[in-house]
Amino acid sequence: DIVMTQTPLSLSVTPGQPASISCKSSQSLLHSDGKTYLYWYLQKPGQSPQLLIYEVSSRFSGVPDRFSGSGSGTDFTLKISRVEAEDVGVYYCMQAIHLPTFGQGTKLEIK
Amino acid sequence: EVQLVESGGGLVQPGGSLRLSCAASGFTFSSYEMNWVRQAPGKGLEWVSYISSSGSSIYYADSVKGRFTISRDNAKNSLYLQMNSLRAEDTAVYYCVSQRTPYSSGWGYWGQGTLVTVSS
């Protein structure tokens, strides 16, 4: 199985400030088809997870442009340019180049 | 509007069985690959099983292989998960999850989840 490792596991951010979450995979997520199968999900308190970013850097429908994804190979980052109160929750990275696996999750709270 | 509504969860004894259902609406269900994902209380997300749009391709996590069976009925717009030989560690909220669009990657739509509790 591919192991996904997120850091940090928690972060506390002042509204309006940026936030960044790192995700590292134990194997390259670059497929022979040229796509990189790395995703970011957010699970808000009491809700089901929701897709934020697919294939490293593409925002899903309705996702604010303050969210951005980057990276390649085995190292990836989710950035929030200006954190808002509604961004609280647990962020998960996930790979799907092989059977899907998730990172441990990063809990974001507001200061 | 895409809707995925799970049902069938509940309390079951270790070794028992349960069948989860997921009713899909608002999209052409027969064109979408589907998955089950679970979340144990206070824990992270774990992929459980995948089924292709036609049902011809199926995969399972090692933790459930041989005990769980995924299936779908495209005529009824429904996804199922038959869970046998249940263990305490299968206790979780089970989510029905679809692709964001046909022939795409990324799970764009999630149900509200159904809680399965395995306990004596």
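Relevant structure appears above.
Residue positions are counted from 1 within each chain, in the order its sequence is given. In the order they appear in the text, chains get letters beginning with A and ligands get numbers beginning with 1. Where totals are concerned, whole chains, interfaces and linings use all residues; where local detail is concerned, this predicted model gives features only for residues with pLDDT of at least 70, and gives and counts side-chain atom pairs only at 80 or more. Hydrogens and water molecules were not included; the side-chain quantities draw on all heavy atoms of the structure.

Student: What's the story with the side chain of B:S78 in this structure? I'm lost.
Tutor: Residues and elements named next belong to chain B. Elements are defined by DSSP. Helices are runs of H or I of four residues or more, strands are runs of E of two residues or more, and each kind is numbered from the N terminus. Counting through the fold element by element, S78 comes out in strand β8 (residues 78–83). Exposure categories follow from relative accessible area, calculated using a 1.4 Å probe and restricted to protein chains: below 20% of the type maximum is buried, above 50% is exposed, and the middle band is partly exposed. Since its relative accessible area comes to 11%, S78 is described here as buried. Two N or O atoms count as a polar contact when they lie within 3.5 Å, although within protein this holds only if one can serve as hydrogen donor and the other as acceptor, and sequence-adjacent residues are included solely when both atoms are side-chain atoms. A distance of 3.0 Å separates a polar side-chain atom of S78 from the backbone oxygen of K76.

Student: For this particular structure, what's the right way to read the interface of chain B and chain A?
Tutor: How large an interface is tends to be reported as the accessible area lost when its parts come together. Residues are treated as being in contact if the distance between any of their heavy atoms lies within 4.5 Å. Contacts between chain B and chain A engage 19 residues on the former and 16 residues on the latter. Of the roughly 1500 Å² buried where chain B meets chain A, counting both sides, 64% is carbon and sulfur surface. Considering only the side of chain B, the residues that lose the most area to chain A are B:L45, B:R100 and B:W107, jointly responsible for 38% of the buried surface there. When a carboxyl oxygen of Asp or Glu lies within 4 Å of a side-chain nitrogen of Lys or Arg, that pair is called a salt bridge. Viewed at the interface, chain A and chain B are joined by one salt bridge. For the salt bridge of A:E55 with B:R100, the shortest nitrogen-to-oxygen distance reads 3.8 Å. Taken together, the connections running from chain B to chain A amount to seven residue pairs in polar contact (both at pLDDT 80 or more). Considering each element in turn, the side of chain B that touches chain A owes the most residues, three residues, to strand β5 (residues 45–51) of chain B. Amino acid classes used here: Ala, Val, Leu, Ile, Met, Phe, Trp, Tyr, Cys and Pro are nonpolar; Asp, Glu, Lys and Arg are charged; the rest, including Gly, are polar. Of the residues that constitute the side of chain B that touches chain A, the class distribution is nine nonpolar, seven polar and three charged. The term buried area denotes the loss of accessible surface (1.4 Å probe radius) that occurs when two parts are joined, taken as the sum for both partners.

Student: How do you make sense of the pattern of salt bridges when you look at a structure like this?
Tutor: When charged atoms on two side chains of opposite charge get close, those side chains can pair. Enumeration over the complete set of coordinates arrives at nine salt bridges over all chains. In this structure, A:R66 and A:E84 form a salt bridge, with 3.5 Å as the shortest nitrogen-oxygen distance. Pair noted here: A:R66 is in the loop between β6 (58–59) and β7 (67–72) and A:E84 is in the loop between β8 (75–80) and β9 (89–95), with a separation of 18 residues, a long-range link. Taking the relative accessible area as the measure of exposure, A:R66 reaches 7% and is therefore buried. Judged by its relative accessible area of 37%, A:E84 falls in the partly exposed class. A salt bridge links B:D90 to B:R67, with the nearest nitrogen and oxygen atoms 2.7 Å apart. One end of the pair, B:D90, is in the loop between β8 and β9 (92–98); the other, B:R67, is in the loop between β6 (58–60) and β7 (68–73), with 23 residues separating them in the sequence. Given the relative accessible area of 0%, B:D90 is considered buried. What makes B:R67 buried here is its relative accessible area of 8%. What emerges from the salt-bridge pattern is a single network uniting A:R66, A:E84, A:E86 and A:D87.

Everything listed here is a matter of coordinates, which is why it stays silent on function.
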